[in-house]
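Remarks on the overall topology
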Amino acid sequence: MISPRIAFVDVDGTLIETGSEIADSTIDAVRTARSNGHLVYLSTGRASVEIYPAIRDIGFDGTISSGGGFAEIGDELVIERTMPEDAVARMIGFYEESGYDFYLQSFDELYPSPGVRDRFAEDHAADTERKAGTGADPASVTDADDHPALTAFADVRPYSYTGIAKSVFLAGDLRAYDRVSEALSGEFHVITGTIPHMGRGSGEVTLNGVNKGSTVLRLLDRLGLDAASAIGIGDSSNDIEMLQVCGVGIAMGNATDAVKAHADEVTTTVLDNGVWNAFRRQGLI
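First things first, this report covers the structure right here in the doc.

The rules we used
- Residues numbered from 1 in each chain as written.
- Predicted model: local features only at pLDDT ≥ 70, side-chain atom pairs only at ≥ 80, totals over all residues.
- Heavy atoms only, no water.
- Pairing = 2+ DSSP bridges.
- Helix = DSSP H or I, 4+ residues; strand = E, 2+ residues; numbered from the N terminus.
- Axes fitted to C-alpha atoms, helices over the stretch in contact; angles between N-to-C directions.
- Contact = heavy atoms within 4.5 Å.
- Phe/Tyr/Trp six-rings, centres within 6.5 Å; stacked < 30°, edge-to-face > 60°.
- Buried < 20%, exposed > 50% of the residue type's maximum accessible area, 1.4 Å probe, protein only.
- Core = buried A, V, L, I, M, F, W, Y, C linked by side-chain atoms within 4.5 Å.

1. Some remarks on the sheet that holds strand E7 (residues 110-112)
With antiparallel pairing, the 5 strands of this open sheet are ordered in space as E7-E6-E8-E10-E9. This sheet does not close on itself; its edge strands, each paired only once, are E7 and strand E9 (188-192). Across the sheet, the mean angle separating the axes of adjacent strands is 20° when strand polarity is ignored. Direction of pairing for strand E8 (residues 166-170) relative to strand E10 (residues 203-207): antiparallel, over a ladder of 3 bridges. Pairing of valine 168 across the sheet is with glutamate 204, part of E10. Against the sheet, helix H3 (residues 85-98) engages strand E6 (101-105), E8, E9 and E10, with an angle of about 160° to E6.

See below:
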């Protein structure tokens, strides 16, 4: 009898290639592991509303979203780690004074600044053109003509100051990360490199102590599971704490060297059966 394990799987760059491509083997790996009695959770920097149906339909036991801001067991929201209203106000004020585009993540809403949709539209158009040029016809997690993110980011309205767990900033200024860190790091956790195609000026902000790893530990405690039984798989800087707290931390082959330095193992790349090979090596499938 195989002892059940629990795996926490990042989305962008791990479960799917940045944009929309997903390997058939990844879907098979998740479904086979669960059929073998193991638990598989999403663990993503995306807000819950950015986890589109085609991703959820793969089938997972629960979700950590907004970089550790929220956690669900099944469809039940069990952990909320949101910012005080005055902290949100200070963060928004800094972004606006600096002229940076940004969006806020609550559990079920996105609040974008006016320029966010155009940034994502430009990137989406370039990605579509690249794929057309290669003749690729990849499996996609989006099936609409207009990418769901573009619809969400077009909804510019007054910001909410309650229920916000994370913000993402987008700037052409290569010093944006340094400036955000200097201005906000006393109260916030600031990281960069989570949206590589948005440039080196992008990054994300949560409260100090709020990250995937610390939320993994809270969720494991609620589930009555030991961290030694957990597997974390990711590729980006917001995955580092998750790789550190899990019994086995696995970096994708496409991860940065900084992320790989915190991993116990390195698997293959996202479209080269990375998740499948990681699950196979760990005996989940």
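2. A closer look at the packing of aromatic side chains
Inspection of the entire model under this criterion finds 8 aromatic pairs. Between phenylalanine 8 and tyrosine 41, the ring centres sit 5.7 Å apart and the planes meet at 45°, which makes this aromatic pair tilted. With phenylalanine 8 in strand E1 (residues 6-9) and tyrosine 41 in strand E2 (residues 39-43), this pair connects stretches of sequence that are 33 residues apart. Assigned by exposure class, phenylalanine 8 and tyrosine 41 land together as buried. An angle of 75° between the planes, with centres 6.3 Å apart, marks the rings of phenylalanine 94 and tyrosine 100 as edge-to-face. The pair formed by phenylalanine 94 and tyrosine 100 is uniform in burial state, with each residue classed as buried. Aromatic rings pair up to connect Phe94, Tyr95, Tyr100, Phe102, Tyr159 and Phe169 into one cluster.

3. Observations regarding the pairing of E10
When you tally the buried positions in E10, you get 5 out of 5 residues, the bulk of the element. Bridging between E9 and E10 involves 5 bridges; their strand directions are antiparallel. The residue bridging isoleucine 191 from the neighbouring strand is glutamate 204, located in E10.

4. Concerning the nonpolar core
Formed by 27 residues in total, the largest nonpolar core has its most connected members in Leu15 and Phe279. Here this core gets 4 residues from one element, more than from any other, and that element is helix H1 (residues 24-35). Excluding anything up to four places from it in sequence, phenylalanine 279 contacts Ala7, Val9, Ala29, Val30, Ala33, Val40, Ile233, Leu284 and Ile285. Counting 23 residues, the second-largest nonpolar core is a separate cluster that includes Tyr111, Ile164, Leu184 and Val190.

5. Points about the sheet that holds strand E13 (residues 265-266)
Ordered in space as E5-E4-E3-E2-E1-E11-E12-E13, the 8 strands form an open sheet in which the pairing is mixed. Unpaired on one side and paired on the other, strand E5 (76-80) and E13 mark the two borders of the sheet. Here E1 pairs with strand E11 (residues 230-234) via 4 bridges, running parallel. Paired with isoleucine 6 across the two strands is alanine 230, which belongs to E11.

Take it as geometry only, folks, not as evidence of what the structure does.
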